[in-house]
Amino acid sequence: MGDGEARNRRLIERVSSYEKAMRALSDAQLQDKTREFRERLAQGEELDRLLPEAYAAVREAALRVVGKFPYDNQVLAAIVMHQGNIAAMKTGEGKSLTATLPLYLNALTGRGAILVTVNGYLARRDAEEFGPVFEFMGLRLAVGVPEAGAPDFSAREKQEIYAADVVYSTSDKVGFDYLLENLAGTSEDKYLRPFNYVLIDEADAILLDLAQMPLVISGSPRVQSNLYPLADAFVATLRQGVEYEYDESAGVVHLTEDGIAAANRFFHVDNLYDPQYFQLNRHVNLALRARTSFQPMRDYMVMGGTLVLLSSVTGRLLEGNKLQGGLHQAIEGRESLEITTENRAMASVTYQNLFLMFDKMGGMTGTAKGSEKELLKTYGTKVVEIPTYRPVIRVDEPDVVVATAAEKERLVMDYVEEVRKTGRPILLTTASVQSSVKFSQYLLDRGIEHNLLNALSEAKEAEMVREGGRKGAITVATLIAGRGTDIKVTPDAKDLGGLVIIGTEKLPNQRVEGQVRGRAGRQGDPGSSRFYASLEDDLFVKWGSIKQEDLHKRRRSPGTMRRLLDRAQRASEESASGARKLSKDFDIAMARQRDLVYAMRDQIITGEPITRDDVETIAAGVLADAAAAHAWETPGSVMRYIFDNLSYHLPDDFDTLDTANQHHVRERLSAMFSRAIEEKVDLLGEEVYARFQNIVFLKSIDVAWVEQVDFLEQLKTVVKDRNVAQHKVEYEYRREAYFAFEEMKKRINRDIVRLLCLSRIERGADGGLVIQFA
Ligand code: ADP
Ligand code: MG
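These notes cover the structure that comes with them.

What counts, and where the lines are drawn
In this convention, every chain numbers its residues from 1, walking through the sequence in written order. For this description, chains carry letters from A and ligands carry numbers from 1, given in the order in which they are written. Owing to the predicted nature of the model, reporting of local features is limited to residues with pLDDT of at least 70; listing and counting of side-chain atom pairs is limited to 80 or more, with chain, interface and lining totals taken over all residues. Excluding hydrogens and water, the side-chain figures rest on all heavy atoms present in the structure. Definitions used throughout: a 1 Å grid over protein atoms alone; a cavity as a set of points that fits a 1.4 Å probe which cannot get out; a pocket as an open set with protein on both sides within 12 Å along at least five of seven lines; a lining residue as one with an atom within 4 Å of a point. Grid points are joined across faces, edges and corners, and a volume is the space filled by probe spheres set on the points. Here the term charged refers only to Asp, Glu, Lys and Arg, the term nonpolar to Ala, Val, Leu, Ile, Met, Phe, Trp, Tyr, Cys and Pro, and the term polar to all other amino acids, Gly among them. Note on definitions. A residue lies near a molecule or strand when any single heavy atom of the residue is within 4 Å of it. Polar contact criterion, stated in full: a pair of N or O atoms within 3.5 Å, where within protein one must be able to donate a hydrogen and the other to accept it, and residues adjacent in sequence count only if both atoms are side-chain atoms. Surface exposure here means Shrake-Rupley accessible area, sampled with a 1.4 Å probe, where a residue is shielded only by the protein chains that are shown. Strands are runs of DSSP state E lasting at least 2 residues, helices are runs of H or I lasting at least 4, and numbering of each runs from the N terminus. Axis lines are fitted to C-alpha atoms, over the contacting stretch for helices. Their N-to-C directions set the angle, which ranges from 0 to 180 degrees. Put simply, angles under 35 degrees are roughly parallel, angles over 145 are roughly antiparallel, angles from 65 to 115 are roughly perpendicular, and the rest are oblique. By convention, the crossing between two helices is left-handed when the near helix turns anticlockwise from the far helix through less than a right angle, and right-handed when the turn is clockwise. Should any heavy atoms of two residues lie within 4.5 Å, those residues are considered in contact. One bridge is not enough; two strands pair if DSSP finds at least two bridges between them. Any Phe, Tyr or Trp ring, taking Trp's six-membered ring, that has another such ring centre within 6.5 Å forms a pair; planes under 30 degrees apart are called stacked, those over 60 apart edge-to-face, and the others tilted. Burial classes follow relative accessibility: with a 1.4 Å probe on protein chains only, a residue under 20% of its type's maximum area counts as buried, one over 50% as exposed, and anything between as partly exposed. By convention in these notes, a salt bridge is any Lys or Arg side-chain nitrogen within 4 Å of a carboxyl oxygen on Asp or Glu. The arc in question is formed by the directions pointing from the helix axis toward the C-beta atoms.

1. Observations regarding empty space enclosed by the protein
Next up, step 1: A complete count under the given rule lists four cavities of 30 Å³ or more for this structure.
Next up, step 2: As for the largest cavity, its lining consists of 14 residues, of which Arg-111, Gly-112, Ile-114, Tyr-162 and Arg-193 are closest to the centre.
Next up, step 3: Class assignment for the residues of the lining of the largest cavity results in ten nonpolar, two polar and two charged.

Set out below in structure tokens:
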């Protein structure tokens, strides 16, 4: 890093060297800089060369508009982010202000800059505060997320938004917009520009924690199954270690011989593993997983009769998210809820691939510790540590480790009482909603007033977290409740020693522990943090090297327990990292296919018109495949083929057809196809026919692609359950995905031929086309 560091130092100096000159400008002169920069860019000057002056201009604008002048350290972070790297900037150091610099610079190109953060509340909050700075400098800023509870924007509104110089949005929203746009039928429904620059706030949360689950758009429902409650009723009778085995850390569960026998009896079948019982078998497996790998209040909650997932990392509600592949329904079965429809996945993308589509990606986060390698490998981004403006004087105390959860909870409560006497504000953090409710109850039992934050709205949480720094305040919160919002410690609370962070269990990795500690000691404030952990913590139950039943057979020293817990934490992080890698690897195959399909669609929507030759070539291919598949061996089968693909009427000379001469059959069918097209052109006129043809192409692609995406989603679970080595899993996935894709392309062509020939078209009352697809 040495060289880069020296270069960046020099860059900071150059930015500062313009400070006086910028200060001396009138508002109008400063605003005119944008025009000047753009002109210089147009004349071929590089963004990098423009950086010092552009940063100095925004710095001055920020001072004039919001009264905040970015410090040198913030300029350094802004340089790092422009270079396509991640600035590790401690909480409270002012990342939101810093972001304006690289966003302005990269938006000067006219190709757009997008900031994404973890929730809509933060996107709107920052846009509101810093929008005026961009406006002052003559750039247009748009917010990419609708107000909480409001419906999504229309395509027209999105065109407005994405045409803006700078867009503030969330990672989800940009991902879904990308997927949705590629379901568009005409160029009027498209709204994205080619992805240019993205700046990711809370980069570790988005690039690592959230990246384990792909974004999925669901479409038409699969045929509904009534097996879920039944399978659950069966599984409820089974005992672990007798009828089934469950390996918690691998997340693998399966029936034993006894279990299979029990299933055969319960369902009155001769052999559950017989292919004819595929669906039954699948439902039993799902029910087993629902009962073993998922726990109420830890993984999900039931609210108003519906199942809501909880993020395992943050304890936050994942409203609207559903588990794929029938698991969601299996848990509904277990909870005796109404079974919701199981939808097909229509389009899906991982964050990894979404962000790699941008020409450049920068990020900022308070905590990237321990994940630098993974970030570099996955995204090609370096993590650059930015020194704090004021030294951090927070005291991070060593963990307190004990053997049992009960003992730990008692110690936590004693510590709360002890701190409470001093008046210092307390933030008690828990890893799950369940545990936050438990600690809240303990506090109530002791008559201690407090705020409980676990699953409220983002805006409400932000408000409560802000209050959390008053003297005597006690806040119980799940991990990132209110993340992104400053806990402002009041002066009297500062004098008492500042905020006290209490962690109540060992967390999945050091990074999230760092996030929690970082809530205290912002901007040189005093504060302290202390974690309590036990060998009965979820993390140890799952990743520890000692079985829970053997746990208390002997006493262990705190040092030993600490080492055991650290090792469990490492195992957990390695597994999470492996899961992210697998998810990315899976998506590589999908991404290639997605790119091809989206390019096909784009070609139809915006490219050269499809020619008669193109269509004839497609038909020739389809007929060649049919011939190779022996589809026309008898007059009856030719007749069937014609009705299914080419025409509702047999040609007059059909009885002269000689099926012994396949070449001859093929020529006759090919002529039929050409005639069908000519008839349509005569009927509709060239122009209307061309529109009809476009619709047919798009529909054929979409129908096949939806099936393909759904298949690929299911294929993931299928190959994972195959229990082969990890590299093999990926290989098998890629191979089968490839064959399925080749099959899909053929299917698209078959559908094009069929829909072109067999669809009925009428003009609607309003002059539009009414197409009845075959
Ligand atoms: P982070 O996202 O890094 O945790 P924020 O962006 O929320 O931090 O900023 C924390 C606080 O510091 C905000 O109130 C912000 O306005 C303030 N701040 C940041 N930079 C400056 C600056 N250069 N001058 C004055 N205040 C600043
Ligand atoms: Mg922030």
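There's plenty left to go through after this.
2. Considering the site of ligand 1
Next up, step 1: Taken together, 17 residues are adjacent to ligand 1, and Lys-68, Gln-74, Gly-92, Arg-522 and Gln-523 come closest.
Next up, step 2: Measuring from a nitrogen atom of ligand 1, one finds a side-chain N or O atom of Gln-74 at 2.9 Å.
Next up, step 3: Here Gly-94 contributes a backbone N or O atom positioned 3.1 Å from an oxygen atom of ligand 1.
Next up, step 4: Relative to its unbound accessible area of 570 Å², ligand 1 is 84% covered by the protein chains.
Next up, step 5: For the shell around ligand 1, the element with the highest residue contribution is helix α6 (residues 95-107), accounting for three residues.

3. Re the packing of helix α25 (residues 635-645) against helix α26 (residues 662-684)
The description of two helices packed together rests on the angle between their axes and the distance between the axes.
Next up, step 1: Running from N to C, α25 and α26 point in directions that differ by 20°, and their axes come no closer than 12 Å. By the angle class used here, α25 and α26 are roughly parallel. Like other packed secondary-structure pairs, α25 and α26 cross with a definite hand, here right-handed. For the pair α25 and α26, contact is made by Val-638, Tyr-641 and Ile-642 and by Val-665, Leu-669 and Met-672, respectively.
Next up, step 2: Class assignment for the residues of the contact of α25 with α26 results in six nonpolar, no polar and no charged.

4. Looking at the sheet that holds strand β9 (residues 300-303)
Next up, step 1: Ordered by their spatial adjacency, three strands build an open sheet running β9-β10-β11, and the pairing between neighbours is antiparallel. For this open sheet the edge positions go to β9 and β11 (317-318), each flanked by a neighbour on one side alone.
Next up, step 2: Here strand β10 (residues 306-310) pairs with β11 via two bridges, running antiparallel. When the bridges of β11 are listed, Leu-310 appears paired with Leu-317.
Next up, step 3: In the packing of helix α14 (residues 327-334) onto the sheet, the strands contacted are β9 and β10, and the crossing angle to β10 comes to about 120°.

5. Regarding the packing of aromatic side chains
Next up, step 1: Evaluation of the coordinates by the stated rule reveals 18 aromatic pairs.
Next up, step 2: Aromatic side chains Tyr-689 and Phe-692 sit 6.0 Å apart centroid to centroid with 55° between the ring planes, which places their arrangement in the tilted category. Here Tyr-689 pairs with Phe-692, and both are found in helix α27 (residues 686-720), just three residues apart, close to one helical turn.
Next up, step 3: Since its relative accessible area comes to 3%, Tyr-689 is described here as buried.
Next up, step 4: An aromatic cluster of at least three residues, connected via ring pairs, comprises Tyr-178, Phe-195, Tyr-351, Phe-355, Phe-358 and Tyr-598.

6. Structural notes on the pattern of salt bridges
Next up, step 1: One pass over the full model with this rule turns up 59 salt bridges.
Next up, step 2: Put simply, Arg-125 and Asp-126 hold a salt bridge, and the shortest N to O gap is 3.1 Å.
Next up, step 3: By relative accessible area, Arg-125 is classed as partly exposed at 26%.
Next up, step 4: In this structure Asp-126 comes out as buried when scored by relative accessible area, which is 4%.
Next up, step 5: Three or more residues are tied together by salt bridges with common partners; here these are Glu-19, Arg-23, Asp-27, Glu-60 and Arg-64.

7. A look at the sheet that holds strand β1 (residues 86-88)
Next up, step 1: Pairing within the open sheet is parallel, and its seven strands lie in the order β3-β4-β2-β5-β13-β1-β14. With one partner strand each, in any of the chains shown, β3 (141-143) and β14 (383-385) form the two edges of the open sheet. The mean angle between the axes of side-by-side strands here comes to 20°, regardless of whether they run parallel or antiparallel.
Next up, step 2: As judged from the four bridges shared by strand β2 (residues 113-117) and strand β5 (residues 197-201), these two strands associate in the parallel manner. The residue of β5 that forms the bridge with Ala-113 is Tyr-197.
Next up, step 3: Across the sheet, helix α7 (residues 120-136) is in contact with β2, β3, β4 (166-170) and β5; its angle to β4 comes to roughly 165°.

8. A word on helix α11 (residues 227-235)
Next up, step 1: Among the residues of α11, those classed as buried are Tyr-228, Ala-231, Asp-232, Phe-234 and Val-235. Burial along α11 is one-sided: seen end-on, the buried residues are contained in an arc of 160°.
Next up, step 2: Looking at the buried residues of α11, the elements they touch are α12 (257-267), α13 (278-292) and α14.

9. Section: the side chain of Asn-281
Next up, step 1: On the secondary structure map, Asn-281 appears in helix α13.
Next up, step 2: Residue classification places Asn-281 among the buried positions, given a relative accessible area of 13%.
Next up, step 3: Not counting residues up to four positions away in its chain, the partners in contact with Asn-281 are Leu-272 and Tyr-273.

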